[in-house]
Amino acid sequence: KQQTHGDQAQVRDPHPGSLRHAHTPTHAGRSRKTSQLKCQDYEGGALAGDLCEDLCAAGRLRYRRCLYYERGKKVLQADWRGRPVILKSKEEAFASFPPLSLLEGPAEEGGQDVLEAELLLLVAGEVRSALGLELSRSRLGALWPRGRGPRWRRQLASLWALLQQEEFVLLSLLRDLSRHALPVLGSCGHFYAVEYLAAGSPRHRALFPLDGAAGGSPGGRGQAKAISDMALSFLDMVSHFDNDFSHRLHLCDVKPENFAIRSDFTVVAIDVDMAFFEPKMREILEQNCTGDEDCNFFDCFSKCDLRVNKCGAQRVNSNLQVVCDKIFRHWFSSTLKSSAISFQLQRQLREAVRECADPGGPAGDPQRAAPKVFWKLQRLLQASLRELQEAGK
């Protein structure tokens, strides 16, 4: 079966111990009930969204199966106008989200300007809480409905539920800014839709389904080229998240299941529940401690200052280091042993990956994402592609 968003109908929840299968008749029944309740709320005027009409009236958004259901969080697979999509919400019921206080009671005559100013402050507060960012008015303006039509209040109520979901806020702000993140395709009430992509899995020899790109035997040139292309895209993603935004974006849960590969071998982060911009990362890391182990937040590490028993706010490892450890080690310690790449280049790649993943090596630099080893890996991977191209002539 094709695998998606969490490996065989599992999606990772940021709370430890909450990973579980959700591909059961009970969960399917709950998902259909969720859809019915959502449509009742839509028809009753409680919620809105650009996908609601297709879901509740036109029949162009059809539920397929429940991928995950735990502690209220729900992830569904659906077909939208013939295109597979994923629907997500951190709460099953719309009523589970605290309502927007500005919408309680009737709208006052002439109070639209006051509402707009208050709304701006509230949205800014939600973004600050979710991402630790202070955004300009123009950036914030993209997060709420502009039109003041008859559905404006229900649109606002729906958006307020979405703004209380950190992943939605992050993906919405990255829209059109990152080729390595999923765009939000639309929403209905508190559920938002993203593209369906097949996730990676440690059970794949190459970690990701290659859809015939391997070109024959597991150790052949096709698979070696695919792995080199994917590795270069991982490096591009690391550089992009480190340098292309106003703050570095930290990935605190790096594993194949949280990434997917497009047909052109572009790496896409499909689960960013555990991705944080620098201000939020510092806030998370800075806590009380009695040793360094207390300062480890999944794949993001800090150091304990025993003089004050406080974790440092600065991360001491890097996205590159974790990608080398969790992804590249798998590829360049075993997968390419029988490939068409020369033994010397394989050895150089293996040594570079070891240098990159070693917490005591240059990749541990907290200020930069190990630029020396980054460029070394990029150069060696490009050399691999040239070797494979020559061998194929």
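Residues numbered from 1 in each chain as written. Predicted model: local features only at pLDDT ≥ 70, side-chain atom pairs only at ≥ 80, totals over all residues. Heavy atoms only, no water.

Participant: Tell me about the overall build of the protein, residues and numbers included.
Facilitator: The helix and strand inventory of the protein stands at 11 helices and 13 strands. Burial status across the protein gives 53% buried among its 393 residues. For the protein, restricting intrachain contacts to residue pairs at least 6 apart in sequence, the fraction spanning at least 24 positions comes to 64%. When the accessible area of the protein is evaluated, it comes to approximately 18300 Å², of which 49% is carbon and sulfur surface. (Helix = DSSP H or I, 4+ residues; strand = E, 2+ residues; numbered from the N terminus. Buried < 20%, exposed > 50% of the residue type's maximum accessible area, 1.4 Å probe, protein only. Contact = heavy atoms within 4.5 Å. Areas by Shrake-Rupley, 256 points an atom, 1.4 Å probe, with all protein chains shown as cover.)

Participant: So, the pairing of strand E4 (residues 184-188): which residues are in play, and what are the values?
Facilitator: Within E4, 5 of the 5 residues are buried, leaving the element largely enclosed by the surrounding structure. One ladder, built from 4 bridges, connects E4 with strand E5 (residues 191-195); its direction is antiparallel. Residue pairing for E5: Val184 is matched across the bridge by Val194. (Pairing = 2+ DSSP bridges.)

Participant: Could you give an account of the pattern of salt bridges, with specific residues and numbers?
Facilitator: In total, this model carries 20 salt bridges according to the counting rule given. Put simply, Glu278 and Arg282 hold a salt bridge, and the shortest N to O gap is 3.7 Å. Here Glu278 pairs with Arg282, and both are found in helix H8 (residues 278-285), just 4 residues apart, close to one helical turn. Of the residues examined, Glu278 reaches a relative accessible area of 18% and is grouped as buried. (Salt bridge = Lys/Arg side-chain N within 4 Å of Asp/Glu carboxyl O.)

Participant: Let's hear about the state of the cysteines: which residues, and what values?
Facilitator: Inspection of every chain in the model, using the stated rule, returns 6 disulfides. Here Cys52 engages in a disulfide with Cys188; their sulfurs sit 2.1 Å apart. Since a negative S-S torsion denotes a left-handed disulfide, the Cys52-Cys188 link at about 105° is right-handed. With Cys52 in helix H2 (residues 52-58) and Cys188 in strand E4, this residue pair connects regions lying 136 residues apart in the sequence. Covalently, Cys252 is tied to Cys300 through a disulfide, its sulfur atoms 2.0 Å apart. Between Cys252 and Cys300 the sulfur-sulfur dihedral comes to about -100°; the bridge is accordingly left-handed. Of this pair, Cys252 sits in the loop between strand E6 (249-251) and strand E7 (259-261) while Cys300 is found in strand E11 (residues 300-301), placing the two residues 48 residues apart along the sequence. (Disulfide = S-S within 2.5 Å.)

Participant: Can you tell me about the sheet that holds strand E3 (residues 83-89), naming the residues and giving the values?
Facilitator: Pairing between sheet strands relies on hydrogen bonds along the backbone, with the strands arranged either parallel or antiparallel. Strands sit in the order E1-E2-E3-E5-E4 across an open sheet of 5 strands; the sheet is antiparallel. Lying at the two open borders of the sheet, with one neighbouring strand each, are strand E1 (61-70) and E4. Taken pair by pair, the neighbouring strands of this sheet meet at an average axis angle of 25°, ignoring direction. As paired strands, E1 and strand E2 (residues 73-80) are joined by 8 bridges and run antiparallel to one another. By the bridge assignment for E2, Arg62 is matched with Asp79. (Axes fitted to C-alpha atoms, helices over the stretch in contact; angles between N-to-C directions.)

Participant: Provide a residue-level description of the packing of helix H7 (residues 221-243) against helix H11 (residues 371-391), including the pertinent values.
Facilitator: Packing of H7 against H11 brings their axes to within 10 Å, and their N-to-C directions diverge by 155°. The pairing of H7 with H11 is recorded here as roughly antiparallel in orientation. Read as a crossing pair, H7 and H11 show a hand that is left-handed. Contacts from Arg221, Ala224, Lys225, Ser228, Asp229, Ala231, Leu232, Leu235 and Ser239 of H7 reach H11 at Phe374, Leu377, Gln378, Leu381, Gln382, Ser384, Leu385, Leu388 and Ala391. (Parallel < 35°, antiparallel > 145°, perpendicular 65-115°, else oblique. Left-handed = near helix turned anticlockwise from the far one by under 90°.)

Participant: Summarise the packing of aromatic side chains; cite the residues concerned and give the values.
Facilitator: Using the criterion set out here, one finds 14 aromatic pairs in the structure. Ring centres 5.4 Å apart and planes at 70° place the aromatic pair Phe234 and Phe259 in the edge-to-face group. Of this pair, Phe234 sits in helix H7 while Phe259 is found in strand E7, placing the two residues 25 residues apart along the sequence. The exposure classification of Phe234 matches that of Phe259, with both residues buried. Put simply, the rings of Phe208, Phe234, Phe259, Phe328, Trp331 and Phe332 pair up and form one aromatic cluster. (Phe/Tyr/Trp six-rings, centres within 6.5 Å; stacked < 30°, edge-to-face > 60°.)

Participant: Describe unusual backbone geometry, and please don't skip the residues or the numbers.
Facilitator: The phi torsion at Asp176 lies on the positive side, around 70°, for a residue other than glycine. If you trace the backbone, Asp176 turns up in the loop between helix H6 (166-174) and E4. At Phe265, a position not held by glycine, the phi torsion is positive, near 75°. When you line up the elements, Phe265 lands in the loop between E7 and strand E8 (267-269).

Participant: Any details on the nonpolar core? Residues and values, ideally.
Facilitator: Formed by 92 residues in total, the largest nonpolar core has its most connected members in Phe234, Phe259, Leu320, Phe328, Trp331 and Phe332. The dominant element in this core, judged by the number of residues it contributes, is H7, at 11 residues. The residues contacting Phe332, other than those within four sequence positions of it, are Ile227, Ala231, Leu349, Arg350, Val353 and Leu381. Among the nonpolar cores identified, the runner-up in size contains 22 residues, and Cys66, Trp80, Phe97 and Ala193 belong to it. (Core = buried A, V, L, I, M, F, W, Y, C linked by side-chain atoms within 4.5 Å.)

Participant: Just give me the short version of the environment of Ala95, but keep the residues and values in it.
Facilitator: Tracing the sequence through the fold places Ala95 in the loop between E3 and helix H3 (112-131). Exposure remark for Ala95: the relative accessible area of 73% places this residue in the exposed category. Between the alpha carbons of Ala95 and Asp41 there is a distance of 9.8 Å; along the sequence they are 54 residues apart.

Such coordinate-based values are descriptive only and should not be taken to indicate function.
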